[in-house]
Amino acid sequence: MNQKSGLDPVFKDEKNPFILFNGWMKDAEKSEINDPNAFNLATVDTFGQPDNRILLLKGQTDKGFIFYTNLQSKKGRDLKSNPKASMCFHWKSLQRQIRIQGPVELVDKKTADTYFSSRPYESRIGAWASSQSEVMKHRDEFEDKVKKFKKQYSDPNNVPRPEHWSGWHLTPFKIEFWKEVENRLHQRLCYSLIGTSWNKEILYP
Ligand SMILES: Cc1cc2nc3c(=O)[nH]c(=O)nc-3n(C[C@H](O)[C@H](O)[C@H](O)COP(=O)(O)O)c2cc1C
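Residues numbered from 1 in each chain as written. Predicted model: local features only at pLDDT ≥ 70, side-chain atom pairs only at ≥ 80, totals over all residues. Heavy atoms only, no water.

## A few points about the overall build of the chain
So, step 1. A count of helical and extended segments in the chain gives five helices and 10 strands.
So, step 2. Counting across all 205 residues of the chain, residues that qualify as buried make up 41%.
So, step 3. In the form shown here, the chain has an accessible surface area of approximately 12400 Å², with 51% of it arising from carbon and sulfur atoms.
So, step 4. Of the side-chain charges in the chain, 33 are positive and 26 negative, and the distance between the mean point of each set is 1 Å. (Helix = DSSP H or I, 4+ residues; strand = E, 2+ residues; numbered from the N terminus. Buried < 20%, exposed > 50% of the residue type's maximum accessible area, 1.4 Å probe, protein only. Areas by Shrake-Rupley, 256 points an atom, 1.4 Å probe, with all protein chains shown as cover. Lys, Arg positive; Asp, Glu negative; His and termini not counted. Charge placed at Lys NZ, Arg CZ, Asp CG, Glu CD.)

## Things to note about the packing of aromatic side chains
So, step 1. For the structure on display, the rule yields 17 aromatic pairs.
So, step 2. Centre to centre, the rings of phenylalanine 177 and tyrosine 191 are 5.6 Å apart; their planes meet at 70°, and the pair counts as edge-to-face. Taken together, the residues phenylalanine 177 in strand β8 (residues 174–179) and tyrosine 191 in strand β9 (residues 187–194) connect sequence positions 14 residues apart.
So, step 3. In this structure phenylalanine 177 comes out as buried when scored by relative accessible area, which is 0%. (Phe/Tyr/Trp six-rings, centres within 6.5 Å; stacked < 30°, edge-to-face > 60°.)

## Here's the deal with helix α4 (residues 121–129)
An α-helix turns once every 3.6 residues. As a result, residues three or four positions apart point the same way.
So, step 1. Listed as buried for α4 are Tyr121, Arg124, Ile125, Ala127, Trp128 and Ala129.
So, step 2. Those residues of α4 that are buried are in contact with α3 (109–118), α5 (139–152) and β7 (165–170). (Contact = heavy atoms within 4.5 Å.)

## Quick look at the packing of α4 against α5
So, step 1. One way to put it is that α4 packs onto α5 with a least axis distance of 9 Å and a crossing angle of 115°. As α4 packs across α5, the resulting crossing turns out to be right-handed. Where α4 approaches α5, its residues Tyr121, Glu122, Ile125, Trp128 and Ala129 are matched on the opposing element by Phe142, Lys145, Val146, Phe149 and Lys150.
So, step 2. Class assignment for the residues of the contact of α4 with α5 results in seven nonpolar, no polar and three charged. (Axes fitted to C-alpha atoms, helices over the stretch in contact; angles between N-to-C directions. Left-handed = near helix turned anticlockwise from the far one by under 90°. Nonpolar A, V, L, I, M, F, W, Y, C, P; charged D, E, K, R; others polar.)

In short, geometric facts, not functional conclusions.
See below:
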């Protein structure tokens, strides 16, 4: 048990939630069968209707978290009209959860280009061929587009990033760490950004 907080040692005694986040992510990388970086992304549309889906965390800065997607997709449109989001990581193998809230902004072009060029060839072609979240008449329509872009960008070293495909950076103002305890007596530690420093509070489960 952590002497100061009375919480399990996995909560450590960190002033900075990013250090704790990275520690938990390392634990998840060892214990999850796949995609330890998968998280649920919640967005809200112009009617105030929430929506959510799984994405992969693909970058971090000292201020936040980066994910990549099609900017014309449903989530892309939600984020454009309401640039606020919530992320939720759940690791079954660890029985832990992390919830994150904050505003989002697009990453700069260089960051997006660098990440895009690190993706496998097929994924880069997919970014061109998929009108993500749009209705498709038949699967052939998509496969034809894949063929077309493979022809257009036949050199794997020269596939430009589509303008409509980029990354969002979420700058959290709240990060909550949750750990399962038997009989639902779970443990929760919530960090809130006050000015430039993080305030920590233990929450009832
Ligand atoms: C494990 C997993 C990882 C995923 N990673 C991404 C991702 O990083 N980016 C993305 O745009 N979609 C990703 N998807 C697909 C999304 O869940 C979603 O179907 C897609 O982005 C369309 O969402 P939208 O219509 O709300 O925009 C992933 C799905 C799963 C199950």
